[in-house]
Amino acid sequence: MTTTAVSRPLAAFTNEPVCAFSRPEEIQAARAALKKVRAEFGREYELWIAGGRHKTGDLLSSVNPARPSEIVGRHHRANAALAAKAIEDVHAYFPEWSRTPVETRVNLVVRAASIIRERKLEFDAWLVCEAGKTWPEADADVSEAIDFCEYYARQMQRFASPPQLVQMPGERDEMVYLPLGAGIIIPPWNFPLAIMTGMSAAALVTGNTIVIKPSSETPTIAQKLAEVLLEAGFPPRSFALCTGSGSIVGDLLVEHPKTRFISFTGSRDVGLRINELAAKPRKGQIWIKRVVAEMGGKDAIIIDREADLDAAVAGVVQSAYGYQGQKCSACSRAIVDQSVYDEFLQKLQAKVAALTVGPPEEPENYMGPVISAGAKKTILDYIETGKREGRLVAGGDAAPGDGYFVQPTVIADVDSKARIFQEEIFGPVLAVTKARDFDHALALANDSEYGLTGAVYTRNPEKIRRAKDEFFVGNLYINRKCTGAMVGAHPFGGFNMSGTDSKAGGPDYLLQFLQPKSIGEKI
Ligand code: NAP
């Protein structure tokens, strides 16, 4: 049972501090971590299934997107038989893990957090090399992974104490929270440690067993998390790491009758496919699979005529170009009141021209590479479309270097029907659109099938109130950037095609992994 009350509540949650890498000693320490990680480049990694290591000989090479000739890790890819074994074994182990006392599970998740904390710079370095993150972006990702563990551990302690119910005369009435079963964790590559750790920690701490199907772009970071889980003391069969192609291994895991839930974060199309496949009951399946799918965004920042324009420009630049625009929360649409439009664009252009692009291990670079050759091509294709749909005012091409570098790009005068206004590009491309007034700006911002994040820059309290009521996004920010949600402060998840709005890092998130049971006992 999951409901054994926890005897020692953990201290109040606080967010892990993020390092800015501005001091020479921080940069020196980062370089030392990089050297250590580089010494491991090219290592071969095996699958972790049914409590043991497995090889298939079918190897996936993960490369450094800033230097694609550098192989970060070589990973055995699961085949159909191994994927089936992975889910069947975590299903078989579920009864044992679900009976593990809550306190034990909470302690293991906290232990995992402290191992990551002890090796934070090393994890940062893996993210720099495999995901192309700059040091501050990498550190924010690793800090968030720690936060998810610490936060969910505390939330599990809360769920372990049953809520007070109305008591019928002559009865003892209670409700307890049970785990669901064996689930599949499918993370994206863009927060390869934070999102994978968050979804895995939430599932495990609530008493579920899991198969992690990592992104094929960042399998080495997934191996590092698996090492942490084992070192922390998670039972070898409580989780499996099943590297492999999404379309082969992913489909099989989603469709398997023993799969009880799927926790997915990624693109709209893959999320919808998983939702569809999971909806169909398979032979031997005795439950409706639960799907949590957090998907894409086309996030807008409204710059009102009463905004602090310098603050707005700084917020838009950070939101649009941090991690090369490869965040679901990234600003890809700036919607600007006509009376400040020209001035905003001028200031924006100057700021964007000053952004540096290059290898992210060098602290002077604000932007690193995009994740892959395929992503670079898609983004450059969108830029060409954008040149036809609007007026290019900054960037517009690949950036120099061997890696997958793309210039930070601004396209102005974009109509709301344009593809670059409507479709998620997932790269450093910003569409700027003119609004007649605040009403029009809100209508433009809401003219999207997505509804993930959004921000409004204005000094007018009435407009702020209206944005709170009318801007239809899961995460709204006022007078600040639309990226950088903090665990505990900004529970994260979007509306409409942005997903199921599960609010990762929020007080309700663990309910996605639990099923409540009511008990009325005659006394
Ligand atoms: P993706 O292409 O949808 O892939 C996400 C994960 O799904 C990967 O592990 C992928 O594995 C796997 N996958 C692919 N096809 C599958 C299938 N048929 N069955 C099961 N799994 C399958 O997304 P991405 O490119 O990694 O990530 C970028 C997207 O994620 C963007 O759209 C972004 O907005 C979104 N995102 C959303 C949030 C949020 O909280 N809302 C947060 C971060 C990112 P392979 O790599 O092997 O294909």
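Residues numbered from 1 in each chain as written. Predicted model: local features only at pLDDT ≥ 70, side-chain atom pairs only at ≥ 80, totals over all residues. Heavy atoms only, no water.

At a minimum axis separation of 9 Å, helix α3 (residues 102–118) and helix α5 (residues 135–160) run at an interaxial angle of 165 degrees. Regarding the angle of α3 to α5, the classification is roughly antiparallel. Here α3 and α5 pass one another in a crossing that is left-handed. Together, V102, R105, V106, V109, V110, A113, I116 and R117 of α3 and V142, I146, C149, E150, A153, M156, Q157 and A160 of α5 make up the contact between the two elements. Partitioned by chemical class, the residues of the contact of α3 with α5 number twelve nonpolar, one polar and three charged. (Axes fitted to C-alpha atoms, helices over the stretch in contact; angles between N-to-C directions. Helix = DSSP H or I, 4+ residues; strand = E, 2+ residues; numbered from the N terminus. Parallel < 35°, antiparallel > 145°, perpendicular 65-115°, else oblique. Left-handed = near helix turned anticlockwise from the far one by under 90°. Contact = heavy atoms within 4.5 Å. Nonpolar A, V, L, I, M, F, W, Y, C, P; charged D, E, K, R; others polar.)

Residues in close proximity to the ligand total 32 residues, the closest being K213, S216, S267, M295 and E424. Within the side chain of W189, one N or O atom sits 2.9 Å away from an oxygen atom of the ligand. Here an oxygen atom of the ligand and a side-chain polar atom of E424 are 2.6 Å apart. For the shell around the ligand, the leading source of residues is helix α8 (residues 246–255), giving four residues. Among the residues making up the shell around the ligand, the classes are represented as 14 nonpolar, 13 polar and five charged. Of the residues that make up the shell around the ligand, three or more belong to each of domain 1 (24–295 + 501–522) and domain 2 (299–486). (Near = heavy atom within 4 Å. Polar contact = N/O pair within 3.5 Å; in protein donor to acceptor, adjacent residues only side chain to side chain. Domains from an automatic or database assignment.)

With that out of the way, let us pick up helix α12 (residues 373–389). In a regular helix each residue adds 1.5 Å, so 17 residues correspond to 24 Å; α12 covers 24 Å between its end C-alpha atoms and thus fits that length. All of the buried residues along α12 are A375, K376, I379, Y382, I383, T385 and G386. For α12, the secondary structure elements touched by its buried residues are β15 (409–412), α13 (419–422) and β16 (429–435). (Expected span 1.5 Å × (residues − 1). Buried < 20%, exposed > 50% of the residue type's maximum accessible area, 1.4 Å probe, protein only.)

Split by domain assignment, the protein resolves into domain 1 (24–295 + 501–522) and domain 2 (299–486). Between the C-alpha centres of domain 1 and domain 2 there is a distance of 31 Å. Here domain 1 meets domain 2 over a buried area of about 2,200 Å², counting both sides, of which 57% is carbon and sulfur. Taken together, the connections running from domain 1 to domain 2 amount to five salt bridges. The partner of R268 in a salt bridge is E449, and the shortest N-O contact between them spans 2.8 Å. Those elements giving two or more residues to the side of domain 1 that touches domain 2 turn out to be α1 (24–38), β5 (67–76), α4 (120–131) and α5. Split by residue class, the side of domain 1 that touches domain 2 holds twelve nonpolar, three polar and eleven charged. (Buried area = accessible area lost by both parts, 1.4 Å probe. Salt bridge = Lys/Arg side-chain N within 4 Å of Asp/Glu carboxyl O.)

The next subject is the pattern of salt bridges. Enumeration over the complete set of coordinates arrives at 43 salt bridges. Taking the shortest distance from any N to any O, the salt bridge between K463 and E306 comes out at 2.6 Å. Here the residue K463 occupies a position in helix α15 (residues 461–470), and E306 occupies one in the loop between β12 (299–303) and α10 (309–321), the gap between them amounting to 157 residues. For K463, a relative accessible area of 15% puts it in the buried group. For E306, a relative accessible area of 31% puts it in the partly exposed group. The partner of D439 in a salt bridge is R466, and the shortest N-O contact between them spans 2.6 Å. Of this pair, D439 sits in helix α14 (residues 438–446) while R466 sits in helix α15, placing them 27 residues apart in sequence. Overall, the relative accessible area of 44% leaves D439 in the partly exposed class.

Bringing the sheet that holds strand β1 (residues 43–45) into the picture now. As summarised here, the arrangement of the three strands in space is β1-β5-β4, forming an open sheet in which the pairing is mixed. Every interior strand has two partners, whereas the edge strands, β1 and β4 (59–64), have only one. Each strand axis lies, on average, 35 degrees off the axis of its neighbour in the sheet, ignoring direction. The pairing of β1 with β5 spans three bridges and is classified as parallel. (Pairing = 2+ DSSP bridges.)

Enumeration according to the criterion identifies 13 aromatic pairs in this entry. Here the aromatic rings of W97 and F234 are separated by 5.8 Å at their centres, their planes lie at 50 degrees, and the arrangement is tilted. Separated by 137 residues along the polypeptide, W97 in helix α2 (residues 80–98) and F234 in the loop between α7 (219–232) and β9 (239–241) bring together distant segments of the chain. Of the two residues, W97 and F234, neither departs from the other in class, the shared state being buried. For the pair Y151 and Y152, a centre-to-centre distance of 6.1 Å together with 70 degrees between the ring planes defines the contact as edge-to-face. Of the two residues, Y151 and Y152, both sit in the buried class. An aromatic cluster is present here, built from F13, F148, Y151, Y152, F261, Y509 and F513 joined pairwise through their rings. (Phe/Tyr/Trp six-rings, centres within 6.5 Å; stacked < 30°, edge-to-face > 60°.)

Before going further, it helps to spend a moment on the confidence of the model for the protein. Mean pLDDT over the protein: 97, with 99% of residues reaching 70 or higher. Within the model, pLDDT remains below 50 along residues 1–5, and this stretch shows 19 contacts once partners closer than five positions in the same chain are excluded. (pLDDT = per-residue confidence, 0-100.)

Quick look at the nonpolar core now. Within soluble globular proteins, side chains that are nonpolar tend to cluster in buried spots. In terms of nonpolar packing, the biggest core is built from 73 residues, with Y152, L193 and F234 touching the most fellow members. Considering each element in turn, this core owes the most residues, 13 residues, to α5. (Core = buried A, V, L, I, M, F, W, Y, C linked by side-chain atoms within 4.5 Å.)

A separate point is the packing of α14 against α15. Their axes nearest at 11 Å, the elements α14 and α15 cross at an angle of 25 degrees. By the angle between their directions, the pair α14 and α15 is classed as roughly parallel. You can see that α14 and α15 cross each other, and the crossing is right-handed. Facing F438, D439, L442 and N446 of α14, the residues of α15 in contact are K463, R466, A467 and E470. Tallied by class, residues from the contact of α14 with α15 come to three nonpolar, one polar and four charged.

Take unusual backbone geometry next. Phi at F21 takes a positive value of approximately 55 degrees, unusual for a residue other than glycine. With respect to the helices, strands and loops of the structure, F21 is situated in the segment before α1. Residue F21 is classed as buried on the basis of its relative accessible area of 6%. In this structure, N479 is a non-glycine residue whose phi angle is positive, near 55 degrees. Take N479: it is sitting in the loop between β19 (475–478) and β20 (495–496). A residue is classified by how much of its surface remains accessible, and N479, at 39% relative accessible area, is partly exposed.

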